[in-house]
Amino acid sequence: MIEVKGLGKAFGEHCILKDVSVDIKEGELFSVIGPSGTGKSTFIKCLIRLLRPDAGSIKVDGQEIAATSNEFQLAKVRRNFGYLFQEGALFDSLTVMENVAFGLKYLTDLPKSDYPRIVKEKLALVGLEGVEDQKPSELSVGMKKRVSLARSIAAEPKYILYDEPTTGLDPVTTGMVKDLITDMRAKLGVTSVVVTHDLKLALEISSRVAMLYEGVFVEVGEPAKFRQSENPAVKEFMEISDLSRK
Ligand SMILES: Nc1ncnc2c1ncn2[C@@H]1O[C@H](COP(=O)(O)OP(=O)(O)OP(=O)(O)O)[C@@H](O)[C@H]1O
Ligand SMILES: [Mg+2]
């Protein structure tokens, strides 16, 4: 379980997260939506301490990590996480095989001889075959995204953080990624946090949806309840997403 309380993060004068609190329970698929620049990526980067919050508490399975500088403790907590970077963050000089296998050494105790099998398995899950020996520069944007996804699920972590998993993908691949995220939850009991500006996707796949706006979650609820929100920012976001009730 991930327990976030009073989370705050500023960049210089810019206060991005003011007071974010939420408990993300085992097996949940929790989505954070909001317009560009509201701090969605900042939020999930704080969850695995790629960023250090200025205020508040983050407990992962009871361990407080918000302010710790104990790298050993952080490394141990991070072992439970898969992370899909918004930018993909593939290593250009490594092959697809090496990229997907990258975390296995740190995140698992599996023998190296198992890596090719695992990599192929995960690539198949995201609909890629025969690209193991290629370099990221030889792939399309959508293919790179899928390679990044395969990497984030390679070690079958307990928690997966997806930052904009479907941005830049065509409708068919978007459907595939959507199924993958829901399958990871259904089949492996993974707890997921999905950051997206795609409200339709969030409402379809999530157990709960939160809207981040002006540094706080202005609404948190199950999709059906979320749709009924009277919050003006949520209503406006529904309208621009063409999901308005009217
Ligand atoms: N490392 C940083 N240093 C300074 N400012 C930053 C840094 N990271 C993010 N910001 C600023 O914080 C704000 C929130 O950024 P963030 O990337 O979290 O937004 P977002 O909701 O993920 O946006 P998008 O939907 O475009 O991905 C932005 O104004 C951004 O410029
Ligand atoms: Mg972002």
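It should be noted that the structure appears before, not after, this text.
A brief report on the enclosed structure follows. The structure displayed is predicted, hence computed values, not measured ones.

A count of helical and extended segments in the chain gives 10 helices and 10 strands. Relative to the 2.2 N^0.38 estimate, which gives 18 Å for 246 residues, the radius of gyration of the chain is 18 Å and therefore close to what a compact globule would have. In terms of overall dimensions, the chain has C-alpha extents of about 55 × 45 × 35 Å along its principal axes. A buried classification covers 39% of the 246 residues belonging to the chain.

Surveying the vicinity of ligand 1 reveals the residues F11, I16, G34, S36, G37, T38, G39, K40, S41, T42, Q86 and H197. Here the shell around ligand 1 takes three residues from helix α1 (residues 40-47), the largest share from any one element. Partitioned by chemical class, the residues of the shell around ligand 1 number two nonpolar, nine polar and one charged.

Among the nonpolar cores identified, the biggest contains 65 residues, and L47, I58, V100, A150, L161, V193 and M211 are the most heavily contacted of them. Residue contributions to this core reach at least three from each of two domains, namely domain 1 (2-80 + 158-240) and domain 2 (92-155).

Here we come to the sheet that holds strand β10 (residues 216-221). Strands sit in the order β6-β7-β8-β3-β9-β10 across an open sheet of six strands; the sheet is mixed. At either margin of the open sheet sits one strand with a lone partner, and together these are β6 (81-84) and β10. Strand-to-strand, the axes of this sheet are offset by a mean angle of 15°, without reference to chain direction. Where strand β3 (residues 29-33) meets strand β9 (residues 208-213), four bridges bridge the pair, whose relative direction is parallel. Looking at the pairing, S31 lines up with V209 of β9.

What counts and what doesn't
Residues numbered from 1 in each chain as written. Chains lettered and ligands numbered in written order. Predicted model: local features only at pLDDT ≥ 70, side-chain atom pairs only at ≥ 80, totals over all residues. Helix = DSSP H or I, 4+ residues; strand = E, 2+ residues; numbered from the N terminus. Rg over C-alpha atoms; globule rule 2.2 N^0.38 Å. Buried ≥ 20, exposed ≤ 12 C-beta atoms within 10 Å, placed from the backbone. Near = placed C-beta within 6 Å. Nonpolar A, V, L, I, M, F, W, Y, C, P; charged D, E, K, R; others polar. Core = buried A, V, L, I, M, F, W, Y, C linked by C-beta atoms within 7 Å. Domains from an automatic or database assignment. Pairing = 2+ DSSP bridges. Axes fitted to C-alpha atoms, helices over the stretch in contact; angles between N-to-C directions.

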